[in-house]
Amino acid sequence: RIHPKPDEGWHSYDSCRGDIALIDLGSGKARRLGTELYPFGVKISPDGRYVGAMCFAGFLPKPDGKIARFDLRVFAIDGSLQHLLADRVPDVRETAFSWSPGSDEIAYTTYGGDVSELVILSVDGSRKMTAGNHGLPLGNQLGYPPLWSADGGVVYCTRGRVHAVSRATGEVRNVTEKLGKSIIGIVHSLGSGAVREFDGPGSIVVLA
């Protein structure tokens, strides 16, 4: 474990500095997709074509100097694409992003106390949608990612309650309001960015 030494310019994020690479299990050879990064959350798209990574990119200027900023980067496995989708985003949890079922978009949530938002970006960076940022608690303080419906039409954000965000219109609905309980999370397959629709399309199972 590397202990931070602020007086020498070191911090805890230095322990995660490294490369994102593909390793051939047969030959042991590595092919680097990105170098000299600080990758925290690293997730492969459902179709296996891309890798997304939330990378440490420095701190906010003082007096908020302890708030980290992150870059959201995407790499094509075949090396044909490398994009910086979001630049120096503050108040975001490193693992709080997920791939759409179609592997064409990434959703992430920011976390800034009572004010947070959901951001959806296309892989090529040509499309962006934001929702929230009006006192709605969409970002999760523990870094749980937003989750997609199986058809990619809805994104669910969990923080004490579950808000469903329409991908088409940006409309936000509290779908657990009538439960009267604090929601911990939504049941989904490990490593997947989509919910498990046990009772058919549009259904979710929550932990409360």
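Presented here is an overview of the structure given in this document. Note that the structure is predicted; figures quoted are calculated from it, not measured. (Residues numbered from 1 in each chain as written. Predicted model: local features only at pLDDT ≥ 70, side-chain atom pairs only at ≥ 80, totals over all residues. Heavy atoms only, no water.)

Section: the environment of Gln-141
Relative to the assigned elements, Gln-141 resides in the loop between β10 (128-132) and β11 (147-148). C-alpha of Gln-141 to C-alpha of Thr-110: the two residues are 31 residues apart in sequence and 9.2 Å apart in space. If we skip the residues at most four places from it in the chain, Gln-141 touches Arg-93, Tyr-111 and Arg-159. (Helix = DSSP H or I, 4+ residues; strand = E, 2+ residues; numbered from the N terminus. Contact = heavy atoms within 4.5 Å.)

Some thoughts on the packing of aromatic side chains
In this structure the tally under the stated criterion is five aromatic pairs. Judged by centre distance (6.1 Å) and plane angle (75 degrees), the rings of Phe-56 and Phe-70 are edge-to-face. Here Phe-56, found in strand β4 (residues 50-59), pairs with Phe-70, found in strand β5 (residues 68-76); they are 14 residues apart in sequence, far enough to count as distant. There is no split in this pair, since Phe-56 and Phe-70 are both buried. Grouped by ring-pair contacts, the aromatic residues Tyr-38, Phe-40, Phe-56, Phe-59 and Phe-70 constitute a single cluster. Sitting over the face of the ring of Phe-97, Lys-43 holds its NZ or CZ atom 4.8 Å from the ring centroid. (Phe/Tyr/Trp six-rings, centres within 6.5 Å; stacked < 30°, edge-to-face > 60°. Buried < 20%, exposed > 50% of the residue type's maximum accessible area, 1.4 Å probe, protein only. Lys NZ or Arg CZ within 6 Å of the ring centre and 35° of its normal.)

A look at the pairing of strand β7 (residues 92-99)
Direction of pairing for β7 relative to strand β8 (residues 105-110): antiparallel, over a ladder of four bridges. Across the sheet, residue Trp-99 finds its bridge partner in β8, namely Ile-106. The turn linking β7 back onto β8 is made up of five residues, and Ser-103 within it adopts a positive phi angle of 65 degrees. (Pairing = 2+ DSSP bridges.)

So, the side chain of Thr-109
Relative to the helices and strands, Thr-109 is located in strand β8. Here Thr-109 falls in the buried class, since its relative accessible area comes to 2%. Excluding residues within four positions of it along the chain, Thr-109 makes contact with Val-92, Arg-93, Ala-96, Glu-117, Leu-118, Leu-138, Gly-139, Asn-140, Pro-146 and Cys-157.

Describing a nonpolar patch on the surface
Together, Leu-142, Tyr-144, Ile-184 and Leu-207 line one region of the surface with nonpolar side chains, adding up to about 420 Å² of accessible area. As for its placement among the helices and strands, Leu-142 is situated in the loop between β10 and β11. Under the relative-accessibility criterion, Leu-142 is labelled exposed at 60%. (Patch = residues over 30% accessible without salt bridge, like charges linked within 9 Å, V, L, I, M, F, W, Y side chains within 5 Å. Areas by Shrake-Rupley, 256 points an atom, 1.4 Å probe, with all protein chains shown as cover. Salt bridge = Lys/Arg side-chain N within 4 Å of Asp/Glu carboxyl O.)

Observations concerning the pairing of strand β3 (residues 39-44)
Two strands pair when backbone bridges link them, and β3 and β4 are joined in this way by five bridges, in the antiparallel orientation. Residue pairing for β4: Val-42 is matched across the bridge by Ala-53. Counted between consecutive antiparallel strands, the loop separating β3 from β4 contains five residues, among which Gly-48 sits at a positive phi close to 75 degrees.

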